[in-house]
Amino acid sequence: MHFENKQSWIKKAAAMAVAGAVSSIAVAPASAEGVLNGETIRILAIGDPVFQVMQRIHGDLEEMAGGTIELDVRGFDVLRQQVLLNAQNDVSNYDLISVDLPQFGEYKGFLVDLAGYVESSGMDWQDFHEAAWTGAYHDQMQLGIPIQPHPEIFAYRVDLFEEAGLEPPRTTEQVLAAAKALHGSKDGLSGICWNGARGTPLGQTITMVMGSHGLPVIAMDAIEGGFDLGNVRPENMHPQMESDTASEMAAYLMELMKFSPPGILNMAWDERVRVFAQGGCAMTYIWSGRSAIYELDEDAEARGKVSYLPHPAGPNGLNVSTLGGWFLSIPDNLPEDRRDLAWSVTEWLTSPEMMAEYTKHGNCVAPRHSVSVDEEVVARCPVIPFVDAMATNGEIAGWQRPPVPEIQQIFDILGAEFHEALAGAESPEDALKEAQRQLDRTMRRAGYY
Amino acid sequence: MKYFREKRRIAFAMISPSILVIVAINIFPILFAVYISLHLWSFGRGVPRFAGFLNYEELYYDGRFGDAVLTSAKFVFFAVLLEFVVGFALAFLFNVKVRGMATLRQIAVLPIMVMPIVAGLVWFYMFNENFGVINWLITLLGSEKVGFLTDLDVALFSIVLADAWQWTPFVMLVMFAALQSLPEYVYEAAKMDGLNAWQTFWRVTIPMLRPSIMIVILLRIVDSFKMIELVFMMTQGGPAGRTEVLPWYLYVTGFQALDLGFAAAMAVSMLILVTIFTQLFLSRVGIGNDNK
Amino acid sequence: MSEVRFSEVSKRFGGASVFERIDLTCPEHKYLCLLGPSGCGKTTLMRLAAGLESPDEGDVMIGGRRVNDLPPADRNIGMAFQNYALYPMLSVRENLTFPLRAPVRRRAWPESKINSRVDDIAQLLRIDWLLDRPIATLSGGQQQRVALGRALIRNPPVLLLDEPITHLDARLRYEMRAELKTLHAKLHTTTIHVTHDQQEALAVADLIAVMNAGRIEQVGPPVEVYRNPNTAFVAGFVGDPPMSVVRMPLRATEGCLQIDFGGRLLDLPEKFSQAFVNTVPPALLIGIRPSSVNLVPSGSPAPIPARVYSHEMVGRELQLMLSVGDSLLRYRSPDIRHFAVGDEVACDVNLDNARLFDAETGVAIII
């Protein structure tokens, strides 16, 4: 009745809660050939498309591997808690864990450096998109191998743009102009979809849009073509929400509100894509992998009518899309004798053949150049060559979401505070100021300065 | 004397397992939460650093915490009010002896069986402005879409509605059982005293139901104070924090930001708040004071 | 003017008739007991007077006024219920004042009079020390007094008591009987008291109306009902122990009527014979008081052979059931001695005080 069990209760709620729920699969071992050779591998995975595909084709996968694959799929928050808990065990419960790009900063202390394996196994690492590969490179260590890294990019309806005689929008100014022109031009058509929901969704929007306006949310060191995410020091932790760039970002988002579909204040990952898919908006910010939602759905209105651009640049910003998504890593409390096996499985799961295989089942991500030119893959997932081109042109980067342990707090504070501004409960200036204050307090609390 | 001491020792030995269980299940987590709340500890980053009352101080100055307390209070007030009024009315309705009423009653309590998280998902889609059934109907009727989950003034009430959907049947069930157990003779006495239906309701029925009413209200208050699933599924605290109830803020700080010390301080404060409230409620409104 | 009269009232629930065309009057200031086994309709009859039920036919009159259509509160009656029906959430005092503060009586009872009235009643019923206690903390006897107090609080000219002391333990019941009687002597309230306990009825009533299966068998003062039961039912119901009502074959021999007691022929006393001058019914129901049965030594002349059917100690005497022929006779033994079931005994029956009933109708053959 009372709150004695608050903690455990919340944990339970969390465990139940996280969408996509929890599932664990363990089936009889298949034949003794292939990479597993009769052995069992345990993977702690995220409920994102690539691992969902693995769940779907689990039987085939085990047959190919010749062993048992135990795939524990968790929601985002629970996965993070499990990874952190597992790191405190003497012996890891998992051979492989899935790591989100911005999490490397938090996890780097307990992941195995894979550089030696890459070298000895002769993995063609240059085939990976550079941003993806280097996203896992911290403190001169290769901490993960990209399995589903994809950028948040910009999708727009070619047909609508041509009809209205609009240029593909490469700047925020063009986006706003196009949004204004198209918003309401057809029944039920809004200008643009994006993550406006409170908390993490909006927090991520802010970090990424601020990035395409030219600055990360904390004062990282500027380097050639971007910012140094591989070497974030305490003095880099100062938040920059009272910068001019932040104001420009805020003004842009406030403008976007005018051309957004109803319910934008509660719109997040899948919903924006679904609204876009059914023709509810002319443009959308989108994690490229999620384009499968309409590209693979014959009933979707947007199917085959979409072209892609990197994040439109702000007045003083760059056309740079944020790389995110998942890597496979080996926890350093995994006994030595299992690491070779873990590596072999990693190598296999990230091979070009497997990447092509995943695209067959609804995962439009291919962080390898060799896969991106596969005609069948491109036919299934038109977004892949666009992403590949962006990767080649250096239009994909990871620094927008700094890989620091406080990243989730950053998302939460930005996503909560700026929601006040979007909802009209507070002015954008005040919201930014409050966000700055809270971020500052968080950093001080964590002892950075 | 010796005999009694011996007896007491045996008695203690007999109840010690249950004491252990209570300590393990109830006392230990509280003490542990208090312990954590006195430390700066971010999960996964080293050992807890002792911080005294720093977390509580920050809580005191944290506007978001204060807002969450207010939002929680608002939510609890409106949810319990709605659930009670409607549940109570339904209990009377279902008390009418008509064929098929029993079946109808069974159907009416179904929402209780639904997992809150599922209820949240269902209502999220019902209220959604792009795919939602309710907004679709509203547009069919020629009205503007309503931002059930995005309008500053509406969102909290949408959550209240979803909560009421799930828990009104519970109130109905308890009140129905209470109604069924009312002594019939007393109503004849009321008839002898010339009370009409309205007067009988207010002067006899309500007072006799009072213990049940108080218990069901208390249960709903405590339970709705802990509600998190609907916010998790429907709004994540938005728009602009208008639905950020305390448990959700606690979840965000404790399980997303993993700022365990701060979250524990919040949990402990929450526990104190609820304890004080329930004690006040019990002593002021007085269940059990009346009958003995 | 507080006579209560039922005139040709009938009551049915659904298809089932509870009683048909009953006439009964409780004169002003009298204490009438409705006595009968459970299910006989006595409670229903009283509820007609209370207005909690309405008759399907006939009239209910209170003080000469037809009240069929008057709601209970307007009939100027007080009622105490079988289960007390006190308001569980109120204190004793609140229960007592409740009828006075009821909206319909707001004018009749100004606040100034309420408190003194409550104190008076509480003193009368000796519950003044309980006034501030919640109902749930009271014993059954105390609740009973409160219920009575609530019925009396408005000083109604008519008081209805539904099994008011049945649920009390024996000692309290005994005490309350006396109190009811005293109260009535003081207040002279016209009272109708429903009970299934004939002792209780005999103890408190001015008049007893014995009911059975929806019919009124006899109405009369306790002594009358006890001494001269009008029907076989009354004979077998009233009295402690009541008469043994047995069915006996009748024989006419040499101008004398004889009853066959298990093979032994007993002469019917002279006075009864006159009733059968013309016709001799084949059988009679005979009510025999236990005191008319005597055990005799087995050697005595012409004893009636009997067998001990059952035996029990009641108070300071021994009560036996004797099986004689096909019938059972009650016998009270003044001296306590050992009997076993099945013992062969010899008895003698004195028929001088017997009551005879028509075996068909159960109606007494009045001499």
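Residues numbered from 1 in each chain as written. Chains lettered and ligands numbered in written order. Predicted model: local features only at pLDDT ≥ 70, side-chain atom pairs only at ≥ 80, totals over all residues. Heavy atoms only, no water.

As a further point, take the overall build of chain C. Broken down by element type, chain C carries nine helices and 20 strands. Each principal axis of the C-alpha distribution contributes one length, and for chain C these read about 80 × 45 × 35 Å. When burial is assessed residue by residue, chain C has 53% of its 367 residues classed as buried. Of the contacts formed within chain C by residues at least 6 apart in sequence, a portion of 66% connects residues at least 24 apart. Accessible surface computed for chain C: about 16500 Å², of which carbon and sulfur atoms make up 49%. Between the mean site of the 40 positive side-chain charges and the mean site of the 42 negative ones, chain C shows a separation of 6 Å. (Helix = DSSP H or I, 4+ residues; strand = E, 2+ residues; numbered from the N terminus. Buried < 20%, exposed > 50% of the residue type's maximum accessible area, 1.4 Å probe, protein only. Contact = heavy atoms within 4.5 Å. Areas by Shrake-Rupley, 256 points an atom, 1.4 Å probe, with all protein chains shown as cover. Lys, Arg positive; Asp, Glu negative; His and termini not counted. Charge placed at Lys NZ, Arg CZ, Asp CG, Glu CD.)

Residue and element names in this part refer to chain A. Per-residue pLDDT for chain A has a mean of 87; in total, 93% of the residues score no lower than 70. Summarising per-element confidence for chain A, the mean pLDDT is lowest in strand β1 (residues 23–25) (36) and highest in helix α11 (residues 244–258) (95). Predicted confidence is poor over residues 1–32, with pLDDT under 50, and the contacts of this stretch with residues over four places away or in other chains come to 82 contacts. (pLDDT = per-residue confidence, 0-100.)

Let us now look at a nonpolar patch on the surface. A cluster of nonpolar residues, Ile10, Phe12, Met14, Ile15, Ile19, Ile22, Val23, Ile27 and Leu31 of chain B, forms a patch on the protein surface that exposes about 850 Å² of accessible area. Looking at where Val23 of chain B falls in the secondary structure, it is placed in helix α1 (residues 2–37). (Patch = residues over 30% accessible without salt bridge, like charges linked within 9 Å, V, L, I, M, F, W, Y side chains within 5 Å. Salt bridge = Lys/Arg side-chain N within 4 Å of Asp/Glu carboxyl O.)

Residue and element names in this part refer to chain C. Per the domain assignment, the segments of chain C are domain 1 (4–237) and domain 2 (244–358). On a C-alpha basis, the centroid separation for the pair domain 1 and domain 2 is 39 Å. Contacts between the two partners involve nine residues from domain 1, matched on the other side by five residues from domain 2. For the pairing of domain 1 and domain 2, the buried interface totals around 560 Å² over both sides, and the portion due to carbon and sulfur atoms is 55%. (Domains from an automatic or database assignment. Buried area = accessible area lost by both parts, 1.4 Å probe.)

Moving on, we get to the state of the cysteines. All names here are of chain A. Inspection of the entire model under this criterion finds two disulfides over all chains. Put simply, Cys193 and Cys281 are joined by a disulfide, and their sulfur atoms are 2.1 Å apart. An S-S torsion of about -110° defines the bridge between Cys193 and Cys281 as left-handed. In this pair, Cys193 is assigned in strand β8 (residues 190–193) and Cys281 in strand β11 (residues 281–287), connecting sequence segments 88 residues apart. Across this residue pair, the class does not change: Cys193 and Cys281 are buried. Across the disulfide, Cys364 is cross-linked to Cys381 (sulfur-sulfur distance 2.1 Å). Since a negative S-S torsion denotes a left-handed disulfide, the Cys364-Cys381 link at about -75° is left-handed. Pair noted here: Cys364 is in the loop between α15 (352–359) and α16 (369–372) and Cys381 is in the loop between α17 (375–380) and α18 (383–392), with a separation of 17 residues, a long-range link. (Disulfide = S-S within 2.5 Å.)

By a frequent convention, interface size equals the accessible area lost on bringing the separate parts together. Contacts between chain B and chain A engage 59 residues on the former and 49 residues on the latter. Counting each side, the surface lost to burial between chain B and chain A is near 4900 Å², with a carbon and sulfur contribution of 57%. Applying the counting rule to chain B against chain A returns five salt bridges. Residue Arg64 of chain B is joined to Asp412 of chain A by a salt bridge in which the shortest nitrogen-to-oxygen separation is 3.4 Å. Where chain B touches chain A, the interface holds 17 residue pairs in polar contact (both at pLDDT 80 or more). (Polar contact = N/O pair within 3.5 Å; in protein donor to acceptor, adjacent residues only side chain to side chain.)

Here the focus is the environment of Cys33 of chain C. All names here are of chain C. If you trace the backbone, Cys33 turns up in strand β3 (residues 31–35). Cys33 sits 48 residues away from Phe81 along the chain, and the two C-alpha atoms are 15 Å apart. Excluding residues that lie within four positions of it along the chain, Cys33 makes contacts with His193, Thr195, Ala201, Val204, Ala205, Leu207, Ile208 and Ala209.

Our next topic: the interface of chain B and chain C. On the side of chain C, 26 residues touch chain B, which itself brings 17 residues to the contact. Contact with chain C buries surface across chain B, with Tyr185, Met192 and Asp193 of chain B losing the most and accounting together for 37% of the total. At the boundary of chain B with chain C, the tally comes to one salt bridge. Residue Glu188 of chain B pairs with Arg47 of chain C through a salt bridge whose shortest N-O separation is 2.5 Å. Here chain B and chain C share three residue pairs in polar contact (both at pLDDT 80 or more) between them. At the level of secondary structure, the elements contributing two or more residues to the side of chain B that touches chain C comprise α9 (184–192) and α10 (197–225) of chain B. A per-element tally of the side of chain B that touches chain C places α9 of chain B first, with seven residues. Its residues assigned to classes, the side of chain B that touches chain C comprises nine nonpolar, two polar and six charged. (Nonpolar A, V, L, I, M, F, W, Y, C, P; charged D, E, K, R; others polar.)

Our focus in this paragraph is the arrangement of the chains. Of all two pairs of chains sharing an interface, the pair with the highest contact count is chains A and B. Without any contact between them, chain A and chain C keep their closest C-alpha atoms 27 Å apart.

Let us now look at the packing of aromatic side chains. The tally for this structure, following the rule as stated, stands at 37 aromatic pairs over all chains. Consider the rings of Tyr117 of chain A and Trp343 of chain A, whose centres lie 5.5 Å apart with planes at 20°: the pair is stacked. Note that Tyr117 of chain A is positioned in helix α6 (residues 115–121) and Trp343 of chain A in helix α14 (residues 336–349), a separation of 226 residues in sequence. The same class applies to Tyr117 of chain A and to Trp343 of chain A, which are both buried. Between Trp123 of chain B and Phe127 of chain B, the aromatic rings sit 5.2 Å apart at their centres with planes inclined by 40°, giving tilted as the arrangement. Placement of both Trp123 of chain B and Phe127 of chain B in helix α6 (residues 116–127) is noted, with a separation of four residues, approximately one turn of the helix. In this structure, Arg368 of chain A packs its charged tip against the face of Phe128 of chain A, placed 4.2 Å from the ring centre. (Phe/Tyr/Trp six-rings, centres within 6.5 Å; stacked < 30°, edge-to-face > 60°. Lys NZ or Arg CZ within 6 Å of the ring centre and 35° of its normal.)

Now for the side chain of Gln142 of chain C. All names here are of chain C. Inspection of the secondary structure assignment puts Gln142 in helix α4 (residues 140–152). Using a relative accessible area of 16% as the deciding quantity, one classes Gln142 as buried. A distance of 2.8 Å separates the side chain of Gln142 from the backbone nitrogen of Ser139, its partner in a polar contact. Ignoring sequence-local partners within four residues, the contact set of Gln142 consists of Trp129, Leu130 and Arg133.

This paragraph deals with the side chain of Ser327 of chain C. With respect to the helices and strands, Ser327 of chain C occurs in strand β18 (residues 327–333). In contact with Ser327 of chain C, other than residues within four places in its own chain, are Val246, Arg247, Met248 and Leu322 of chain C.

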